[in-house]
Number of protein chains: 2
Amino acid sequence: MRPAAPATIKDVARLAGCGIATASRVLNKSGPASTEMRERVERAARDLGFNFNAAGRALQSRKSMTIGCLVPSLANPVFAEAVQGVQSELLGSGYQLLISCSNYDDDADNAAITTLLENNVDGIIATMVAPNRSTALMQTKQRDIPVSLMFHDPIDGMVTAYVDNFVAAAEVARRFAAFGHTRVGFLALRFSTSDRSRNRYAGFYKQCRTSGLAQPSLIEISEEDAHHPERLAAILASYPDVTALFASNDFLAIAVQKATRHLGWQVPQDLSVVGFDGIEVGRLLETPLSTIETSPEAMGRQAAQSLLNALQGLGLKQRPPLPFSFREGETLAAPNPKRTDDDRVAAQPSSVHPAQDQNQSRTNP
Amino acid sequence: MRPAAPATIKDVARLAGCGIATASRVLNKSGPASTEMRERVERAARDLGFNFNAAGRALQSRKSMTIGCLVPSLANPVFAEAVQGVQSELLGSGYQLLISCSNYDDDADNAAITTLLENNVDGIIATMVAPNRSTALMQTKQRDIPVSLMFHDPIDGMVTAYVDNFVAAAEVARRFAAFGHTRVGFLALRFSTSDRSRNRYAGFYKQCRTSGLAQPSLIEISEEDAHHPERLAAILASYPDVTALFASNDFLAIAVQKATRHLGWQVPQDLSVVGFDGIEVGRLLETPLSTIETSPEAMGRQAAQSLLNALQGLGLKQRPPLPFSFREGETLAAPNPKRTDDDRVAAQPSSVHPAQDQNQSRTNP
DNA sequence: TATGTAAATGGAAACGTTTCCAATGAGACA
DNA sequence: TGTCTCATTGGAAACGTTTCCATTTACATA
C-alpha cells in the first residue's frame, strides 16, 4: 500500500462534522468553541493521527517557526557547544533550528545568511567572520528579522552574547605581570579574520603597557603550523626572549605545550602558556592548562533567549557581557631565572621556520 | 517605513508582463520559454530582488527541501563533527539541515523525531539511544521518509553509516595480547544505553577469549565518576590485576590517564590504555593516546550521501562499514614485570569507591 | 491557401492553513 | 411574543508556489 497521505485539518473537520474554521480554532485553542464541539474535534484529530502541516501554516501565518543559526564550524567544540546551548534553550519554544556552517569563509557567511532568509527563518543567531560588513545581514533589517550574535563584541548596535574579550585578555596580562614576566607574546591563528582574536590582542596589549611589560610580540601562525609541532616549535624558538605566551584559544595553547617538548622546554618553567575559552580537555592534560574560562553554552543560551524575547515582541535588548574566570591550571608560573636565553636558544632545532619573517610581524592594535 | 513585503513571483510576472506560469518556468528552468521572455523575467526578478518563498514551494510541491538531523549532543565532538560532515555534504544540494539533540534520552529521541516529521522533513539522519524500538521512527516507514543512521551498527535493515565496532574492538584485544597482557578490562560510561558500547565490548570479549586472555573485566562508571579523577582512581585501584584497559571512548581514556596520576601509576608502564574514536586532542597529550581512529565526519558525509541518493529516487542502500585504524600513540606497551600487584595496591588511595561492588559486575556479552 | 505540428504562453486549480466576516441559534429581557 | 445580545459556527479568501491543460502563435508542409 502506498504511503497514506497524512490527515489534514479538512479531514479532521469532516470527521468531526464541523467547518474547517472551527477545527482550526479548537486545535489551536485560538477561539471559542462549545465543550461538545471541542471534544468531537479533538477526538477526530486523535483518531486520524492529525499533525499540522508546517508549510501550510508558514504560508498563511508568514511565520516559519524556524530560527537560523550560522557558525564557522561545528568541528570546533566552542561553537558546537554554543549551538547546543541555543538548541536546548529553543527546546520548548516551538521553534526549530536550521543550521549552517561557513568554514570561516566570508563569502560562505553571506551565502548562508541569504539561504536562511530564503527559508523564511523568523530570526537568526550567528557567529560570522565579519558581521559588521555583511551585506546579507543588512537585509535582515529591511525584512525586520531579529538577529542575535554570539562571541562577537558589540558592534554597530547589533545584539550579541559575548564575554568581554578585551577585559579578559587584560586579565591575562595582569597575571603575567604578577608572576614577573616582562617579555610576553600573543599567539593567534586567524588574527586578520577574527575580531575576537584582535580584541583579545588589543586588551592584552593595553594591559601589558599599563603593567609596564614590553610590547607583546604578535605571533600569527597558519593552521598548518598549528598542526605540526615541529613547525610550531621552530616558530617558538625564534622568540627566545618570550617567557610567557597568551594563545588566543585553548587548542593553540595545547599545541604550544606539545611543541615545547620538541624544544626540550618545560611548561611552565621555561615557557608559561595561557589559553582562552576553557575547553574541557584542558583540564585533562598532564599539566592542566591555565586559561580564561568561558561558557560557550551560556552564550548560545543567551543569544537564544534574546531572540525569543524579540520574537515575542519584547524587543531585542543587549545584555551585559557574560562572565569569565581565570582557571589557574598549571601552565603559568614565574619565569625561570636559572635558564638563560642562551640555554634555550641552544636547545632550538636546527631547522628554522621558513615563514619566520612574516610571522614575526609585530603589529600595534 | 515598514518592512517592504518581499517580492513574490506574481510581482515578477507583472513586471515582466507575463503570466505567473511563465515566470515560474523561467525561474525554475522547468519548461520552455523564448529567449526574449527569459530575459524579461530574469531581469524583473533581479530588479525586484526576488527570492522564492520556501513555504509556498513546500506547500505545493510537498517537499520541504529540509533534512532533519538528530544526535545525542553537540557537546560531544564526535557527534558535532558528524553533523559537520552532514552539513558540508548537503551544502550544494539545496537541502537545509534541521537539528535536534536528545541529550541521550530515549523519550526526547522520539519527541524529536515526531517534531521533525511534523516539520515535513524530506529525510532524517539520526543517532539515537534505541533506533530499533523507536515508535516515532516507525512512522517514517509509513510516510515513506528515508532514514539514514550514523554510528549504529546495522539493525532491522536500517541503513547506517558506521564503523564495525565489533571488529575494531577485537583489534584492540589482539594488540593487548600481542603486548603480552593477560588481565584486561573494558571501561564504559553508558553501557546499558549505548549499542555501540555494547558491540565494542562484545568484539573485545570475543577476541580476548580467542587470544587466550582472561575474561575482561567490565567496568561501568557514571558520568560523575568520569569527571572526578579521585573517584575514577579509586575504581581503577579496585582492579589491581588489570594491566591494560580498553575505554569505550577517548574521553574516558583520557580521564583514565589523569586518574592514574592520583595513584602514582605511569601510563603505559603500570597501565596501558586504549581509547576509541580518535579525537584530535588525543594526539596533543603529553603521552599521546593509543586509540581506534575513526572519522565521525566521514560517517556524517556517508549518511548524507545515502540520504541524498534516496531522495533522488536511487534507493536507500546500505554501504560497507567505514574504515578505522589503530593509532599507535604511546599509551599501550607491554605490562611492567617489575611492578608487582602488591606494589600497585599499596599505592592505592585509602578512600575506596563507594559503588565499587556494582561497578565490578562482569557481564557476558 | 489550407492544414498540421510544435513551441510558447497563460488561466486556474491545488497544496493546508488561518482568519475575517457573516450567519445562525439560544437565551435574556421587556 | 418580539427584540436584542452574545456565543458559536462555517464559508471563503488569502498566503506563494507549481503544474495541468487549453489556447495562441509561428512556421513548415501538402
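Residues numbered from 1 in each chain as written. Chains lettered and ligands numbered in written order. Predicted model: local features only at pLDDT ≥ 70, side-chain atom pairs only at ≥ 80, totals over all residues. Heavy atoms only, no water.

Some points on the interface of chain A and chain B
Interface size is often expressed as the accessible area that is lost when the parts come together. For the record, the criterion: Throughout, a residue-residue contact means that at least one pair of heavy atoms, one from each residue, lies within 4.5 Å. Simply put, the buried area is the total loss of 1.4 Å probe accessible area from both parts when two parts are fitted together. Only one rule defines a salt bridge in this text: a Lys or Arg side-chain nitrogen within 4 Å of an Asp or Glu carboxyl oxygen.
At the interface, 44 residues of chain A touch 44 residues of chain B. The junction of chain A with chain B conceals about 4200 Å² of combined surface from both sides, 57% of it contributed by carbon and sulfur atoms. Where chain A packs against chain B, one counts two salt bridges. A:Arg261 is the salt-bridge partner of B:Glu286, the closest N and O atoms lying 3.9 Å from each other.

Thoughts on the relation of the copies chain A and chain B
The operation relating the pair of chain copies consists of a rotation about an axis and a translation along that axis. This is how the line gets drawn: A least-squares superposition brings the copies together, and it is based on the C-alpha atoms of residues with pLDDT no lower than 70 in both.
Laying chain A over chain B is done by rotating through 180° and shifting 0.1 Å along the axis; what remains is an RMSD of 0.2 Å. Such a combination of turn and shift is consistent with a two-fold rotation axis. When the interface residues of chain A are mapped onto chain B, 100% of them again fall at the interface, so both copies present the same face.

Some thoughts on the protein's contact with DNA strand C
Here is the rule: Any residue with a heavy atom lying within 4 Å of a molecule or strand is counted as near it. Any pair of nitrogen or oxygen atoms within 3.5 Å is treated as a polar contact; in protein, a donor-acceptor pairing is required on top of that, and neighbouring residues in sequence qualify only through side-chain atoms on both sides. Numbering of helices and strands starts at the N terminus; helices are DSSP runs of H or I of at least 4 residues and strands are runs of E of at least 2.
The full set close to DNA strand C counts 26 residues, and A:Ile9, A:Ser24, A:Gln60, B:Gly19 and B:Thr22 are the nearest of them. When the atoms of DNA strand C within 4 Å of the protein are sorted by group, sugar and phosphate make up 66%. A:Ser24 has a polar side-chain atom sitting 2.8 Å from a phosphate oxygen of DNA strand C. Looking at the surface near DNA strand C, the elements with two or more residues in it are α2 (20-28) and α4 (54-61) of chain A together with α2 (20-28) and α4 (54-61) of chain B. Per element, the largest residue contribution to the surface near DNA strand C is four residues, and it comes from α2(A).

A word on the sheet that holds strand β9 (residues 272-277) of chain B
Residues and elements named next belong to chain B. As a reminder, the rule being used: Pairing between strands is defined by DSSP: at least two bridges between the two strands are required. Lines fitted to C-alpha atoms define the axes here, with helix axes fitted over just the stretch in contact, and angles between the N-to-C directions of these axes take values from 0 to 180 degrees.
Within the open sheet, the six strands sit side by side as β7-β6-β8-β9-β10-β11. Their pairing is mixed. Only two strands of the sheet have a single neighbouring strand rather than two, namely β7 (217-220) and β11 (325-327). Taken pair by pair, the neighbouring strands of this sheet meet at an average axis angle of 20°, ignoring direction. Two strands pair when backbone bridges link them, and strand β10 (residues 290-293) and β11 are joined in this way by three bridges, in the antiparallel orientation. Looking at the pairing, Ile 292 lines up with Phe 326 of β11. Helix α12 (residues 250-263) contacts β6 (184-188), β8 (244-247), β9 and β10 of the sheet and is inclined by roughly 155° relative to β9.

Points about the protein's contact with DNA strand D
What counts here: Each residue gets one of three labels, nonpolar for Ala, Val, Leu, Ile, Met, Phe, Trp, Tyr, Cys and Pro, charged for Asp, Glu, Lys and Arg, and polar for the others, Gly among them.
Taken together, 26 residues sit near DNA strand D, with A:Gly19, A:Thr22, B:Ile9, B:Ser24 and B:Gln60 positioned nearest. By atom count, sugar and phosphate contribute 66% of the portion of DNA strand D lying within 4 Å of the protein. In the model, a base oxygen of DNA strand D is placed 3.3 Å from a nitrogen or oxygen of the B:Gln60 side chain. Secondary structure elements with two or more residues in the surface near DNA strand D: α2 and α4 of chain A together with α2 and α4 of chain B. Ranked by residue count, the leading element in the surface near DNA strand D is α2(B), at four residues. Its residues assigned to classes, the surface near DNA strand D shows 11 nonpolar, 12 polar and three charged.

Concerning the sheet that holds strand β7 (residues 217-220) of chain A
Residue and element names in this part refer to chain A. Across the sheet, which stays open at both edges, the six strands sit in the order β7-β6-β8-β9-β10-β11 with mixed pairing between neighbours. One side of each edge strand has no neighbouring strand; the edge strands of this open sheet are β7 and β11 (325-327). Neighbouring strand axes in the sheet, compared pairwise and without regard to direction, differ in orientation by 20° on average. This element, helix α9 (residues 195-210), spans β6 (184-188), β7, β8 (244-247) and β9 (272-277) of the sheet and lies at about 175° to β6.

Comments concerning the side chain of A:Ser134
With respect to the secondary-structure elements, A:Ser134 resides in the loop between β3 (123-126) and α7 (135-142). Non-local contacts of A:Ser134, meaning those with residues more than four positions away in its chain, are made with A:Asn110 and A:Met128.

A look at helix α1 (residues 9-16) of chain A
Residues and elements named next belong to chain A. Rule in force here: Here the term buried applies to any residue with accessible area under 20% of the maximum for its type, exposed to any over 50%, and partly exposed to those in between, with areas from a 1.4 Å probe on protein chains only. The directions from the helix axis to the C-beta atoms form the arc being described.
Buried residues of α1: Ile 9, Val 12, Ala 13 and Ala 16, and no others. Buried residues in α1, looked at end-on, bunch into an arc of 100°, giving them a common side. Exposed and facing more than 90 degrees away from the buried side of α1 are Lys 10, Arg 14 and Leu 15. On its buried side, α1 packs onto α2 and α3 (35-48). Backbone nitrogen of Lys 10 and a side-chain oxygen of the N-cap are separated by 3.1 Å at the start of α1; the cap is Thr 8. After α1 finishes, the residue Gly 17 shows a positive phi value of roughly 70°.

Observations concerning the domain arrangement of chain A
All names here are of chain A. To keep things clear, this is the line we draw: Residue ranges labeled as domains rest on an automatic or database domain assignment.
What the domain assignment reports for chain A is domain 1 (9-52), domain 2 (64-163 + 297-320) and domain 3 (165-293 + 335-359). Taken together, the contact pairs 11 residues of domain 2 with 11 residues of domain 3. Summing both sides of the interface, domain 2 and domain 3 together bury roughly 920 Å²; the carbon and sulfur share of this comes to 52%. The largest contributions to the domain 2 side of the interface with domain 3 come from Tyr 104, Asp 153 and Val 163, which together make up 41% of the buried area. At the junction of domain 2 with domain 3, the criterion picks out zero salt bridges. Between the two partners, domain 2 and domain 3, sit four residue pairs in polar contact (both at pLDDT 80 or more). Split by residue class, the side of domain 2 that touches domain 3 holds eight nonpolar, two polar and one charged.

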